[in-house]
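Architecture at a glance
Here are the chains, one letter per residue:
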Amino acid sequence: LKETATTGSGTAVNGSTRPLNLDFSKGKYSLIDLTHSGRIETYDAKNTTTTYSLMTNKTKYFTSQTQRAGVDAHYNADLVYDYYKNKFNRNSYDNLGAPIYSIVHYGVNYNNAFWSGEVMVYGDGDGSTFTTLSGANDVVAHELTHAVTDYTAGLIYENQSGALSESFSDVFGYFVDPGDFLIGEDIYTPGITGDGLRSLSNPEQYNQPAHMNQYRYLSNTEAGDYGGVHSNSGIPNKAFYNTVTQLGNSKSEQIYYRALTLYLTPQATFTDARAALVQSATDLYGAADAQIVASAWDQVGVY
Ligand SMILES: CCCCC[C@H](S)C(=O)N[C@@H](Cc1ccccc1)C(=O)N[C@@H](C)C(=O)O
Ligand SMILES: [Ca+2]
Ligand SMILES: [Zn+2]
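Residues numbered from 1 in each chain as written. Chains lettered and ligands numbered in written order. Predicted model: local features only at pLDDT ≥ 70, side-chain atom pairs only at ≥ 80, totals over all residues. Heavy atoms only, no water.

Remarks on the site of ligand 1
Using the following cut-off: Residues are labelled near a given molecule or strand when at least one of their non-hydrogen atoms is within 4 Å of it. Any pair of nitrogen or oxygen atoms within 3.5 Å is treated as a polar contact; in protein, a donor-acceptor pairing is required on top of that, and neighbouring residues in sequence qualify only through side-chain atoms on both sides. For accessible areas, the Shrake-Rupley method is used with a probe of radius 1.4 Å. Any residue's cover is judged against the shown protein chains and nothing else. Segments assigned H or I by DSSP are reported as helices when at least four residues long, segments assigned E as strands when at least two residues long, and all are numbered from the N terminus.
With respect to spatial proximity, 15 residues lie near ligand 1, and among them Asn112, Ala113, Glu166, Arg198 and His230 are the closest. Taking Asn112, its side chain carries an N or O atom lying 2.9 Å from a nitrogen atom of ligand 1. Its free accessible area being 600 Å², ligand 1 has 79% of it covered by the protein chains. Only strand 10 (113–115) and helix 2 (137–151) provide two or more residues apiece to the shell around ligand 1. Among the elements that take part in the shell around ligand 1, helix 2 stands out by supplying four residues, more than any other.

Let's talk about the packing of helix 1 (residues 68–88) against helix 6 (residues 249–263)
This is how the line gets drawn: Note on definitions: angles span 0 to 180 degrees between N-to-C directions of axes, and those axes are lines fitted to C-alpha atoms, for helices only across the stretch in contact. Reported orientations rely on four angle classes, namely roughly parallel under 35 degrees, roughly antiparallel over 145, roughly perpendicular from 65 to 115, and oblique for the rest. Between two residues, a contact is recorded if the distance between any of their heavy atoms is within 4.5 Å. Note on residue classes: Ala, Val, Leu, Ile, Met, Phe, Trp, Tyr, Cys and Pro are nonpolar, Asp, Glu, Lys and Arg are charged, and everything else, Gly too, is polar.
Interaxial distance between helix 1 and helix 6 falls to 11 Å at its minimum, and their mutual angle equals 95°. Put simply, helix 1 runs roughly perpendicular to helix 6. Contact with helix 1, carried on its side by Tyr83, Tyr84, Lys87 and Phe88, involves Glu253, Gln254 and Tyr257 of helix 6 and no other residues of that element. Class assignment for the residues of the contact of helix 1 with helix 6 results in four nonpolar, one polar and two charged.

Considerations on the packing of aromatic side chains
The line we're drawing: Here is the rule: rings of Phe, Tyr and Trp (six-membered ring for Trp) pair when centre to centre is within 6.5 Å. Planes less than 30 degrees apart are stacked, more than 60 are edge-to-face, and the remainder are tilted. Only protein chains enter the accessibility calculation, which uses a 1.4 Å probe; a residue whose area is less than 20% of its type maximum is buried, one above 50% is exposed, and one in between is partly exposed. Working rule: Lys NZ or Arg CZ, within 6 Å of ring centre, within 35 degrees of ring normal, means a charge sits over the ring.
For the coordinates displayed, the defined rule picks out 28 aromatic pairs. Aromatic pair Phe24 and Tyr29: ring centres 4.5 Å apart, planes at 45°, arrangement tilted. For Phe24, a relative accessible area of 31% gives the class partly exposed. Their ring planes at 80° and their centres at 5.5 Å tell us that Tyr106 and Phe114 sit as a pair that is edge-to-face. What makes Phe114 partly exposed here is its relative accessible area of 25%. Here the aromatic residues Tyr83, Tyr84, Phe88, Phe168, Phe172, Tyr174, Phe175, Phe181, Phe240, Tyr241, Tyr256 and Tyr257 are joined through ring pairs into a cluster of three or more. Its guanidinium or amino end placed over the ring of Tyr285, Lys251 lies 5.3 Å from that ring's centre, counting from NZ or CZ.

Remarks on the coordination of the calcium ion (ligand 2)
We count it as follows: Because water is not among the atoms used, a metal site may look incomplete, as its donors are only the N, O and S atoms within 2.8 Å, or 3.2 Å for Na, K and Ca. Geometry is assigned from the angles between donors: four donors with all angles from 85 to 135 degrees make a tetrahedral site, four or six donors whose opposite pairs exceed 155 degrees while the rest stay between 65 and 115 make square planar or octahedral sites respectively, and everything else is labelled irregular.
Around the calcium ion (ligand 2), the protein contributes the donor atoms Asp138 (OD), Asp177 (OD), Asp180 (OD), Leu182 (O), Glu185 (OE) and Glu185 (OE), which lie 2.2 to 2.7 Å from the metal centre. The site at the calcium ion (ligand 2) holds six donor atoms, and with the angles between them running 53 to 162°, its shape is irregular. Within one chain, the residues serving as donors to the calcium ion (ligand 2) are arranged as D-x38-D-x2-D-x1-L-x2-E.

Some words on the packing of helix 2 against helix 3 (residues 159–176)
The criterion, for reference: By definition, turning the near helix anticlockwise from the far helix through less than a right angle yields a left-handed crossing, and turning it clockwise yields a right-handed one.
The interhelical angle for the contact between helix 2 and helix 3, taken along N-to-C directions, is 130°, at an axis separation of 7 Å. With respect to helix 3, the element helix 2 is oriented oblique. Between helix 2 and helix 3 the crossing geometry is right-handed. Residues Asn137, Asp138, Ala141, His142, Thr145, His146 and Thr149 of helix 2 lie in contact with helix 3, whose contacting residues are Ser165, Glu166, Phe168, Ser169, Asp170, Phe172, Gly173 and Val176. Residues that form the contact of helix 2 with helix 3 fall into these classes: four nonpolar, eight polar and three charged.

Re the nonpolar core
The line we're drawing: Joining through side-chain atoms within 4.5 Å is the link that ties buried Ala, Val, Leu, Ile, Met, Phe, Trp, Tyr and Cys residues into a set, and such a set is a nonpolar core.
If you look at the biggest cluster of nonpolar residues, it comprises 71 residues, and the most contacted ones within it are Tyr122, Phe172, Phe175, Tyr256 and Trp297. Here the element with the most residues in this core is helix 1; it accounts for nine residues. Discounting residues that sit within four places of it in the chain, Tyr256 has contacts with Phe168, Val171, Phe172, Phe175, Ala239, Phe240, Thr243, Leu277 and Trp297. Tyr43, Ile103, Val119 and Val121 belong to the second largest nonpolar core, which has six residues in total.

Right, dumping it as C-alpha cells:
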C-alpha cells in the first residue's frame, strides 16, 4: 500500500523532544523513515523475546512513556546513518542501502543491546545498572558499527579479533558522541552521575586492561565472554585514546574507517590492527602521522 513520508516528533528516553521521520498510511503514523535509502524501521517487542510489531501511533506525536525507547532507537539510528553517509559516503551498513531495523523493549529488565546479524536489539535495562539502552547515541553507534564490521573486516567475535570488534564499535560510538571518552554514560547507572560502562581514556577505571601485560586469557565461551572481548577491548581502546588525542577526531575517524573497511580481516590480532592503522595513516596523511599511530600502540605494548 502507498507509503507517505512525513515528519513528527517524540519524547526521548531523557524526556527531551526528538524530531522524527515517519510514514503515514492507513490512517496511522509509524516509525518508518523513508527519507533516504537505508530506510529505518523501528519495532516493539513489548517485553517478549520472540514477537514484535512496528511501533505506530494515531498522531504524529509519539509522546507516551512506552514509546520513548522507540523514539530514541529511531532517532539515533538516523543520526548514525547520517554519520556514516556524511563522513565516509557509506550508504547504510552494507554500503548498498540496506534497511536498518531496530527492536526495543526486548525481554524483561534486559541489561544489554546487540546486533543480531540482521537487526539491532535493545533492552530496557533493570533501572539500576542500565536504563533504556537505545537512549544513548554511542550505544546505537556501537551496535550499528558491528553491522558495518560484519560487512567489511568480518572480525570474528572471539579472543583478539572479538576484542577489536568491540573496540571499533566503542571507537565509532565515541565519534558519534565525541563530548567525552566514556561509553554508555547516558544510560548506565541512572542513579549515579558521571560514570560510564567503559572509559577510552582510562580503561582500568572500569576494570579493563589498558596494556598487553594485563591481557585477560578468558575461555572462549559465553561464560568467558568469548575470550574476554569486553575486557580486552580496553587495550585497543587505550591505543585509540593515545591516537585521537594527538591526531584529532577528523584524521582519526578517516584512519579507523579505512583500516576497518580496507585492511582488517576476520582473524585480525592486535598486531594486525596496529599495522592496518599505521598503513591507513600512511596512505591518508603520511609518515609523521603514521608514527603517531605506531607510538600509540607501542604505549599499550602492541608491536
Ligand atoms: C547478547 C550478549 C552480547 C552482547 C554484545 C553486544 S554487541 C554488546 O557489546 N553490547 C554492548 C551494549 C553497550 C554498548 C555501549 C555502552 C553500553 C552498553 C555492551 O557493551 N554490552 C556489555 C554490557 C556486555 O555485553 O558485557
Ligand atoms: Ca559517550
Ligand atoms: Zn558490542
